[in-house]
Amino acid sequence: MKLFVNNKEIEVPASAMEKRIVEFLREDLDLTGAKNACDIGACGACTILVNDEPSRICIKLVKDFGGQRILTIEGMAAPDGTLHPLQQAFLDCGAIQCGYCTPGMVLTGHAFLLKNSHPTRDQIRQAIFKNLCRCTGYQQIIDAIEKAAPHYQREERGLQAASAPEKQTATKNSKATTLAKGEAG
Amino acid sequence: MSLPETKCWRNDAYAKVTGKAKFTDDLKFANVLHAAPVYSDFVHARIVSIDTSAAEKVSGVVRVLTAKDVQGVNRFGQIIRDYRIFADDKIRYHGDVVAVVVAETREIAIHAAQLVRVNATPLPAVLDPEEALKPDAVLVHENHGSNLINTHVVRRGNVDNAFKQADFVIEQDFSTQFIEHAYMETEAAVCVPRLTDGVIEIYGSMQHPFSTRRFVATCLGVALADVEIIGTPMGGGFGGKDDTAAIICARTALAAKLLGRPVKMVYRRDWSMRESYKRHPYRVQYKMGVTKAGCITAVQCRIVADGGAYCSVTPWVTWRSTVQCCGPYVVENVHCDTFGVYTNNVVTGAMRGFGSPQINFVIEQIVEMAAQKVGISGIEFRRRNMVRQGSITITGQKLDGHKVAMEQVLDTVLREIDYEKKLEKCAHGKGDADELYGIGVAMSYRGVSLGAEGTDFCAAIINAQADGSILLETGMHENGQGVESAMCLICAEELGVDVNRIRYRRSSTSNIPDSGTTVASRGTIMGGGATALTARELKKKIAESFCEKLHCTAGEVRFKDNFICGKLDADRIAFADAMRQMWAMQKFPFALGTFKAPRTTWDEHSGQGDAYFTWVYCCAARQSSSR
């Protein structure tokens, strides 16, 4: 079985198939950004993106992810270490304190902005509703996601201009999802 | 760096936002063993025997540790040594750990832990702190003689006379609940025996490394120098990672020492909830006398705090509640009795606010009730009674030497939220309104740092390098709150250099003197004080070395924009050049400084004294609506 983790193809050994994927990522691939904080899929600290959708992996097995495209927090920044604009926004807005929820928050925010690049604060609040943070009180995290939204709008415009200038009638949100998926893949 | 840039600057943000920051469970060590705790099904019971044989037979189990394996002392505590590293004589609450299973994998350890059998004689449990205070109550600690952990009092003026003179007397009982901290990262420790000298290195999630070191050294029967707690990013504490986290480190360290291999123990959420201490539930009987003019004449209160099975820091938590039992209001006649009590409930200890929230809740409720009785608004009532510059607190402390900002804080909050206007919209129980809207305001004051409850001093070390880069460390601990970043910014400002030159050293209890706990505002005020003093010490050394070259006296040397300047801006040396020249002069640009908290006083019999060296003032408003 193969996984595509942060744009790398990973061959999964048979012995790992029954492992929880959070343990496989953390122990076998040393991708420790996803945290196992509750074991029951309740807190969101283990969130990764699977085909751009947030997934809580502390309750899921490796074998369920065959052929899927996985993005972990380690895959967000550019290879040269330059932060993704959403990550930079987390820094600029003071959205990081202890940092334990941060990977899950960034990835949840990323998936959300790929779908909705013109969000209201209320929509952002709804999007991160199930990711717990005990330090910030959430406001700075909402600020950060809001601050990064223009980047996703630009990406969207850029992709529209490059790939589908004639299809301007499609609704903005559904289009953003399709195009962004195409781009990230 | 400009002010807006420094506002959110953190030395650890990049690592945390990229997932590179290594928390305790993220650390990998070769040949590591895993440990899991064993609980019993009892709440209060006398232990007859602990049968570990079935667990020991499980393939992959290396050892099962119980109290008899403790090489040092099994009992410890910051105030009363009643904590058991492993339960020995009795089970005192359902979170008591009787054994720890050490195995090749975490799964095996967890599985085998279920096979340990505890044979014990159940005892009647005392679960209500008022019951626990009765003379015939079941005792949680027989040797202690009673269930009373501690008492505190405030005696001021004459409450009997004052109540007679009051136009209204309001009496109300209040109770508050246990609260779990629910830090995102559960308790975790990795202990590594250093092969060269046997020192046990500990990487763990705890907020008081020096206290942890004492717990571990006591349990292991080794010297403080034989235990080294190495700073590790921590996923939240909120007061909750002191005693319990220290005990978990002690058990893990014992396993590592006995087995000569690294041992990791990472708590499952249910273990963390079960064993870790909570916020103290309070029962408060409160009586307040007020005049028609809306002035508080007297307060009498009785506070009973449920300390749970072990003392932890109950005496300190309840002391803060006692000192602040009238909130930020001037009251000339006060009679307060506070009791910390053992029960067989879960242990209680430090949590955000440390005894403030419980009593603040009570006061702000009673203030609203009193205002209603008098027939004035809660805000007006607060204004008539609040502390101002020069006011005397209920413990006889004159509030001066700092800005008593209570009224300013209140005014700001009311203005910012447009309180008076919004108050009119309140549904006030009118259930037929389309929208139920409410707005409320509460205020408080709080003594900063430990106050007269503890020894309060902190060290910092600044070690400038020959290329102008700077190494900084303080005795404060990074809990995720950003204390390292705050210290770096303070150091940069004092030395007039860019913050990016400064590296905060990875903290270690073996590097720097024991500077106490990192709690609440203490980190900033004590660590920041130490950093600033140490920077000034260093500047003095540098100034003395260069004042001649800069054509001025040492006192006239200025540090700004990465330069060391004389009286004229033209007379200057780049900071980095100066550091290189000091090396050539055989002088170390190195300083160790200590910040001691200003003096506090306390008389425990009268409950009078200068309880805290400074105070902070707080007001919060909250609006809420539902359709």
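Residues numbered from 1 in each chain as written. Chains lettered and ligands numbered in written order. Predicted model: local features only at pLDDT ≥ 70, side-chain atom pairs only at ≥ 80, totals over all residues.

1. A closer look at the overall build of chain A
Within chain A one finds 6 helices and 5 strands. Sequence-ordered secondary structure for chain A, helices as α and strands as β, is β-β-α-β-β-β-α-α-α-α-α. Out of the 185 residues belonging to chain A, those deemed buried represent 44%. Look at the contacts in chain A between residues 6 or more apart in sequence, and 63% of them connect residues 24 or more apart. (Helix = DSSP H or I, 4+ residues; strand = E, 2+ residues; numbered from the N terminus. Buried ≥ 20, exposed ≤ 12 C-beta atoms within 10 Å, placed from the backbone. Contact = placed C-beta atoms within 7 Å.)

2. Thoughts on the overall build of chain B
Scanning chain B for helices and strands turns up 17 helices and 26 strands. Against the globule reference of 25 Å for 627 residues, chain B gives a C-alpha radius of gyration of 27 Å, in line with a compact fold. For chain B, the spread of C-alpha atoms along the principal axes amounts to about 80 × 75 × 55 Å. Per-residue burial for chain B yields a buried fraction of 52% across its 627 residues. Taking the contacts inside chain B whose residues are at least 6 apart along the sequence as the reference set, 77% of them involve residues at least 24 apart. (Rg over C-alpha atoms; globule rule 2.2 N^0.38 Å.)

3. Concerning the environment of B:Arg251
All names here are of chain B. Secondary-structure assignment places Arg-251 in helix 8 (residues 243–259). Linking Arg-251 and Cys-326, residues 75 residues apart in sequence, is a C-alpha distance of 42 Å. Not counting residues up to four positions away in its chain, the partners in contact with Arg-251 are Ile-85, Val-100 and Met-265.

4. A short note on the domain arrangement of chain A
Many authors give the size of an interface as the accessible area that is lost as the parts come together. Residue and element names in this part refer to chain A. Partitioning chain A into domains gives domain 1 (2–75) and domain 2 (85–184). Contact with domain 1, which involves 16 residues of that partner, is made by 16 residues of domain 2. Listed by contribution, the elements that provide at least two residues to the side of domain 1 that touches domain 2 are strand 3 (47–50) and strand 4 (53–56). Tallying contributions element by element places strand 3 first for the side of domain 1 that touches domain 2, with 3 residues. For the side of domain 1 that touches domain 2, the class distribution of residues is 10 nonpolar, 3 polar and 3 charged. (Domains from an automatic or database assignment. Nonpolar A, V, L, I, M, F, W, Y, C, P; charged D, E, K, R; others polar.)

5. Here's the deal with the interface of chain A and chain B
Contact residues are listed per partner, giving 30 residues for chain A and 28 residues for chain B. It is helix 2 (residues 85–92) of chain A that contributes the most residues to the side of chain A that touches chain B, 4 residues altogether.

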